Amino acid sequence: SLSAHAWFDDFLPEGISIVSTACMQVQKDYENLSETIARTILDYLDFKNVKRPGGFAKQDGIRQRPIFALKQVNGLYSQFIEIESFAETTNNETIVPTCRSVRSELSSRLARSMNAINDSSKSSEYGFADSTKTEKYITKSNVYLEEIDLYHSIIRDQRDRASLKSTKDTVLAKVDSFSLEMNQIFESGVDFETMARLLCILEKSEFDGSSFTGNRLPSLASSKEKAQQALRKQIEKVQSLITETSNWEEISGQMEILQKGLSLDSILHGDLATHLNSLDGLRRNKETSVDSTIHEMIAAEDYSGIGEFLAPLANSKDQLQKKKFNSYLAEMETSLTSRFGKSAEFLPHGLPTAGTTVFIVQNLDKLNEIHYELSKYSGYGKPRIPGIHKLQQSLKKETDSVKSKLNKKLSESLDQMETDSQKLNFSRLISERKNAVEFVDISKKHILINHLKRHQRIQEEFDRRLKSVPRLVDKFSKSDFKDATDLVSILRALRQASLPGDTMTSDLSTLYEDTKRDVNNTLRERIELFQKVVNDRHCYADCIDILRSLQRHLNSGLKEHIDDTIVVDVEKLLGMWVEAQEECKAIFGHTTGPRKW
């Protein structure tokens, strides 16, 4: 566009050409820039001579230089595209060849890289026995896939892109084959050391966010589960050998295989060491004597793993071993019976205290724990120990009996609470309620659902009754002091439950004082209203009837909760109004004022 104004130079003195000179300088600068960018790209495409600040780490054949170089080329490529477009538009004879040279070198470099990747990928060996080789293979595959993706972001030619896809498919096919073989390691055999190495590699790959192969490899979670299954299978095999045979040579060989599984423990967070110790102890004690160990476990009520010691005796064909096993069963039964007795001993009349309930629940928890441990050996799986099932049934029967007694105690307490609620015995109801809440909180997991619901319902009913007290005051007032039965009963109950210094009934004491204040205020307001009506309208009949009704309730117990001044006012006003009414009747033959006001 600048060259279009070259005519301007015709008006300048001879030898001066500002526009033409500027055009030539711009073109020269652009050619220099193009040459610089193109030369830089060509330098980067010479992978062997690429240099990076800090240098490259030795990667034993892994192509780190191409990755770095292609990233640099990718950063310059947008500028190169602009230059190439400019050169083709202007048909610049200097820049066009340079751009073609870059395209040619890029295509050539792509072909060489893809050939190298194909050759390397096909000949790659990963050797699962060598974790270094395996890690190198995964790293190399990731580098290859990253290199292919970088080429893909640069290359526009469809044939070159087809070559990229073909090479990527080759690399991924090898990775899938690698993944399949890795999976087979976990699904078959007992090569625990190799499993441990592969799990470490999978863990590293799974947490490497830049991994190109992570989603093609076996899942870390499923691989861990398969490794755990393999360990369990081997443990069961060793248990079976120790329980059923005396082939110590074979047992030792299988124990050595299992021992190698310790390399998996830190990865799986398992307890293989505990199993190994248990199995080793079982093997040693089978050869010698397990008497002291079993006695100590029974005395401490530590039944965890006791079946591993009892199984050889229970399944032995030796009569002496059978007899010894039966003596252990009897000892276990005696120990459990003693614990049953402790629970029953601490179930007094009424609900037990919080401390006693805690003791009983702890007892039940221990018995449930023992029941769970024994259940491992009372079914039809392995190892099944004859006699344990009967002991477990006895344990369940006694445990259920203690639970039944706990539920019965709560049911009796709930009965008493309902009775106290009906009789408005708030003092005892509050005490029972507090004990029941503590009892349920501690023993909830052993309480029947219908008792829990009933307990909840009783609490809600009691709360509703207390919340209804203000409505009784309102009802009493609106009935012209005729309906006071419920109010008097509630006030009496609240007063009886309001014990000085008793924090348990402090809420009831507050409610009583508030209700008492409301009743007195209501009476004062109504009496003032009656006085005004009588003074203004001389309406005696209704006011006298209402005050007489109030007086009856005062004499029936309401007086205990009413200020003396109000009682005196009622008696005084009632006397005055009756006398005034009689005078009116004597003079006029009837009372004055309307009947209804």
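Residue positions are given per chain, counting from 1 as you read along its sequence in written order. This being a predicted model, a pLDDT of at least 70 is required before a residue's local features are given, and a value of 80 or more before pairs of side-chain atoms are given or counted; all residues contribute to the totals for chains, interfaces and linings. The basis for the side-chain values is all heavy atoms of the structure; hydrogens and waters are excluded.

Q: Describe the overall build of the protein, listing the residues and the values that go with them.
A: Comment: elements are numbered from the N terminus, with helices defined as DSSP H or I runs of at least four residues and strands as E runs of at least two. Looking only at helices and strands, one finds 22 helices and 0 strands in the protein. Type-normalised accessible area, obtained with a 1.4 Å probe on protein chains alone, sets the label of each residue: buried when under 20%, exposed when over 50%, and partly exposed for intermediate values. When each of the 597 residues of the protein is scored for burial, the buried share is 42%. For the area figures, the Shrake-Rupley method with a 1.4 Å probe applies, and any residue is considered shielded solely by the protein chains shown. With an accessible surface of roughly 32,900 Å², the protein has 50% of that area assigned to carbon and sulfur atoms.

Q: Just give me the short version of the nonpolar core, but keep the residues and values in it.
A: Grouped together as the largest cluster of nonpolar side chains are 64 residues, with contacts concentrated most on Ile 41, Tyr 151, Phe 186, Leu 199, Leu 258 and Leu 264. By residue number, the principal contributor to this core is helix α4 (residues 131-154), which donates 9 residues. Any two residues whose heavy atoms approach within 4.5 Å are treated as being in contact. Apart from the residues within four sequence positions on either side, Leu 199 is in contact with Phe 186, Leu 220, Ser 223, Lys 224, Ala 227, Leu 264, Ile 267 and Leu 268. In this structure, Phe 476, Leu 511, Leu 554 and Leu 573 belong to the second largest nonpolar core, which totals 41 residues. By nonpolar core is meant a set of buried Ala, Val, Leu, Ile, Met, Phe, Trp, Tyr and Cys residues that side-chain atoms within 4.5 Å join together.

Q: Which residues make up unusual backbone geometry, and what are the values?
A: One non-glycine residue, Glu 301, adopts positive backbone phi at about 55°. By the element assignment, Glu 301 lies in the loop between α11 (291-299) and α12 (306-314). On the accessibility criterion, Glu 301 (11% relative accessible area) is buried.

Q: Lay out the packing of helix α21 (residues 540-555) against helix α22 (residues 564-588) in plain terms, naming residues and giving numbers.
A: Structural elements are reduced to axes, namely lines fitted to C-alpha atoms, with helices fitted over the stretch in contact, and the angle between N-to-C directions of any two is expressed from 0 to 180 degrees. Packing of α21 against α22 leaves a shortest axis separation of 10 Å and a crossing angle of 145°. Considering how the two elements wind past one another, α21 and α22 form a crossing that is left-handed. Across the interface between the two elements, Tyr 540, Ala 541, Cys 543, Ile 544, Leu 547, Arg 548, Leu 550, Gln 551 and Leu 554 of α21 pack against Val 567, Val 570, Glu 571, Leu 573, Leu 574, Trp 577, Val 578, Ala 580, Gln 581 and Cys 584 of α22. Three classes are used: nonpolar for Ala, Val, Leu, Ile, Met, Phe, Trp, Tyr, Cys and Pro, charged for Asp, Glu, Lys and Arg, and polar for all others, with Gly counted as polar. Class assignment for the residues of the contact of α21 with α22 results in 15 nonpolar, 2 polar and 2 charged. Handedness of a crossing is defined here by the sense of rotation of the near helix relative to the far one, left-handed for an anticlockwise turn of less than a right angle and right-handed for a clockwise turn.

Q: Could you give me a rundown of the packing of helix α14 (residues 354-375) against helix α15 (residues 388-422), with the residues and numbers involved?
A: The contact between α14 and α15 brings their axes to 10 Å, and the two run at 155°. As judged from the angle between their axes, α14 and α15 are roughly antiparallel. Along this stretch, α14 crosses α15, giving a crossing that reads as left-handed. Contact with α14, carried on its side by Ile 360, Leu 364, Leu 367, Asn 368, Ile 370, His 371, Leu 374 and Ser 375, involves Ile 388, Leu 391, Gln 392, Leu 395, Lys 396, Thr 399, Val 402, Lys 403 and Leu 406 of α15 and no other residues of that element. Partitioned by chemical class, the residues of the contact of α14 with α15 number 10 nonpolar, 5 polar and 2 charged. Roughly parallel here means an angle under 35 degrees, roughly antiparallel means over 145, roughly perpendicular means 65 to 115, and every remaining angle is called oblique.

Q: Please set out the side chain of Lys 366 residue by residue, giving values where relevant.
A: Counting through the fold element by element, Lys 366 comes out in helix α14. We classify Lys 366 as buried; its relative accessible area is 19%. If we skip the residues at most four places from it in the chain, Lys 366 touches Glu 301 and Arg 339.

Q: With reference to specific residues and values, describe the environment of Arg 283.
A: Inspection of the secondary structure puts Arg 283 in helix α10 (residues 272-287). Each C-alpha atom, one on Arg 283 and one on Ser 252, is 9.6 Å from the other, the two residues being 31 residues apart in sequence.

Q: Tell me about helix α5 (residues 158-187), and name the residues and values.
A: Expected span of a helix: the number of residues minus one, times 1.5 Å. Taking 1.5 Å per residue as the helical rise, α5 with its 30 residues ought to reach 44 Å, and the 43 Å between its terminal C-alpha atoms agrees with that figure. For α5, the set of buried residues is Asp 160, Leu 164, Thr 167, Val 171, Leu 172, Lys 174, Val 175, Phe 178, Ser 179, Met 182, Asn 183 and Phe 186.

Q: Outline helix α7 (residues 220-244), supporting the account with residue identities and numerical values.
A: The terminal C-alpha atoms of α7 lie 36 Å apart, and with 25 residues this matches the ideal 36 Å at 1.5 Å per residue to within 8%. We call two N or O atoms a polar contact when they sit within 3.5 Å, provided that within protein one can donate a hydrogen and the other can accept it, with sequence-adjacent residues counted only if both atoms are side-chain atoms. The N-capping residue of α7, defined by a side-chain oxygen 3.3 Å from the backbone nitrogen of Ala 221, is Ser 219.

Q: So what's going on with the side chain of His 561? Which residues, and what values?
A: Among the secondary structure elements, His 561 is positioned in the loop between α21 and α22. Judged by relative accessible area, His 561 falls into the buried class, the value being 1%. Ignoring anything within four residues of it in the chain, the contact list for His 561 reads Leu 491, Arg 492, Arg 495, Tyr 512, Lys 516 and Asn 520.

Q: With reference to specific residues and values, describe the confidence of the model for the protein.
A: The predictor rates its confidence in each residue with pLDDT, a number between 0 and 100. Per-residue pLDDT for the protein has a mean of 75; in total, 79% of the residues score no lower than 70. Within the model, pLDDT remains below 50 along residues 593-597, and this stretch shows 18 contacts once partners closer than five positions in the same chain are excluded.

Q: Break down the pattern of salt bridges for me, citing the residues and quoting the values.
A: For this analysis, a salt bridge means a side-chain nitrogen from Lys or Arg found within 4 Å of a carboxyl oxygen belonging to Asp or Glu. For the coordinates displayed, the defined rule picks out 11 salt bridges. The partner of Glu 225 in a salt bridge is Arg 232, and the shortest N-O contact between them spans 3.2 Å. Given a relative accessible area of 35%, Glu 225 falls into the partly exposed group. A salt bridge links Lys 532 to Asp 536, with the shortest nitrogen-to-oxygen separation between them at 3.0 Å.

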